[in-house]
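Take a look at the letters that make up each chain.
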Amino acid sequence: MIVHMLVLALIGGGLWMAQPAFAQAAKPIKMVVLGDSLSAGLGLSGSAAFPARLQKALKAKGIEVDISNAGVSGDTTSGGRDRLDWSVPEGTEAVILELGANDALRGIDPKVTRTALTEILTRLRARGIAVLLCGMVAPPNYGADYSARFNAIYPDLANTFSVPLYPFFLEGVATDAKLNQADGLHPTAEGVDLIVKNILPTVEAFLGPILRQRS
C-alpha cells in the first residue's frame, strides 16, 4: 500500500511539475501593433479596430496571440520612435510596424521617415523582437520624385533588416469609397476586415518561427 501511494505521489508530482512548462508553451504570443490612426481604429469601436480583428482572425486559425493596440492617431514615424519604449513593453515577442501614412500626407522629407523607421527597427532588433513591416504608398500630389523616394523606404529597410514586408497596409481598401469613412482616408469596419483578410497569410508566416521556437 505504501509503495502504491508513493508511486501515485511520484506520478502526481511529475504531472504537477510538467504543468508549468505546458502552460508556458500554450501562452499567447505577445504582440504589439505600433501604428497610427489606420491601426488605432479612428472612428471605430475598439473591437472593430485592426488589432482586435486580427487577433480574432488568428484565434479562428488556432493561433493564440495577445495583441496590444499601440496605434496613435496623427502619429508619424518620428512620433512612433519617440514613444517606442513605453509603447512596446518588456515581454513583447512580435511587433507589426504600421507607420508612415502621416509622413506622406504631410510631405515630410523621406530622409526623416527613413531615419525614424531605421531607428525603430534597430532598437527592436536589439531587444530580440520580431518585426513585420507594413509599407505605405505616398499620395501623388507631391510629385513622382517624392513618391519614388518615399515608396522605396519600406522594401529597402525590409531588405536591410531581413524582416518580412507587407507592401501596402491599405491594399484593396484605399480609394474604395465603400470601404472608407466619410474622410476617404480611414477604413470602415468592413474595410478593416478586408485588411485583416489580406494580411492574414503574411502574419501567419511571420508568427511561424516564433511558434516553432516554442515547440
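Residues numbered from 1 in each chain as written. Predicted model: local features only at pLDDT ≥ 70, side-chain atom pairs only at ≥ 80, totals over all residues. Heavy atoms only, no water.

A. The arrangement of the overall build of the protein in detail. Scanning the protein for helices and strands turns up 10 helices and five strands. Across the 215 residues of the protein, 43% fall into the buried class. Pairs at least 24 residues apart make up 78% of the contacts formed inside the protein by residues separated by at least 6 positions. For the protein, the accessible surface area stands at approximately 11000 Å², while carbon and sulfur atoms represent 61% of it. (Helix = DSSP H or I, 4+ residues; strand = E, 2+ residues; numbered from the N terminus. Buried < 20%, exposed > 50% of the residue type's maximum accessible area, 1.4 Å probe, protein only. Contact = heavy atoms within 4.5 Å. Areas by Shrake-Rupley, 256 points an atom, 1.4 Å probe, with all protein chains shown as cover.)

B. Representation of unusual backbone geometry in the model. Positive phi is not limited to glycine here, since Ser162 has a value of about 55°. Inspection of the secondary structure puts Ser162 in the loop between helix 9 (153–161) and strand 5 (165–166). For Ser162, a relative accessible area of 66% puts it in the exposed group.

C. Examining the environment of Ala189 more closely. Tracing the backbone shows Ala189 in helix 10 (residues 189–214). You can call Ala189 partly exposed: its relative accessible area is 27%. Taking C-alpha positions, Ala189 is 7.3 Å from Ala49, a pair spaced 140 residues apart along the chain. In this structure Ala189 touches Leu44 and Ala48, once residues within four positions along its chain are discounted.

D. Expanded view of the nonpolar core. If you look at the biggest cluster of nonpolar residues, it comprises 57 residues, and the most contacted ones within it are Phe50, Leu97 and Leu207. In terms of residue count, the dominant contributor to this core is helix 10 (nine residues). Apart from the residues within four sequence positions on either side, Leu97 is in contact with Leu34, Leu117, Ile120, Leu121, Val131, Leu132, Leu133 and Cys134. (Core = buried A, V, L, I, M, F, W, Y, C linked by side-chain atoms within 4.5 Å.)

E. The packing of aromatic side chains, seen in detail. Under the counting rule described, the total for this entry stands at four aromatic pairs. Judged by centre distance (6.2 Å) and plane angle (15°), the rings of Tyr146 and Phe150 are stacked. Here the residue Tyr146 and the residue Phe150 both occupy positions in helix 8 (residues 144–151), the gap between them amounting to four residues, near one helical turn. Among the residues examined, Tyr146 registers a relative accessible area of 8% and is labelled buried. Given a relative accessible area of 0%, Phe150 falls into the buried group. (Phe/Tyr/Trp six-rings, centres within 6.5 Å; stacked < 30°, edge-to-face > 60°.)

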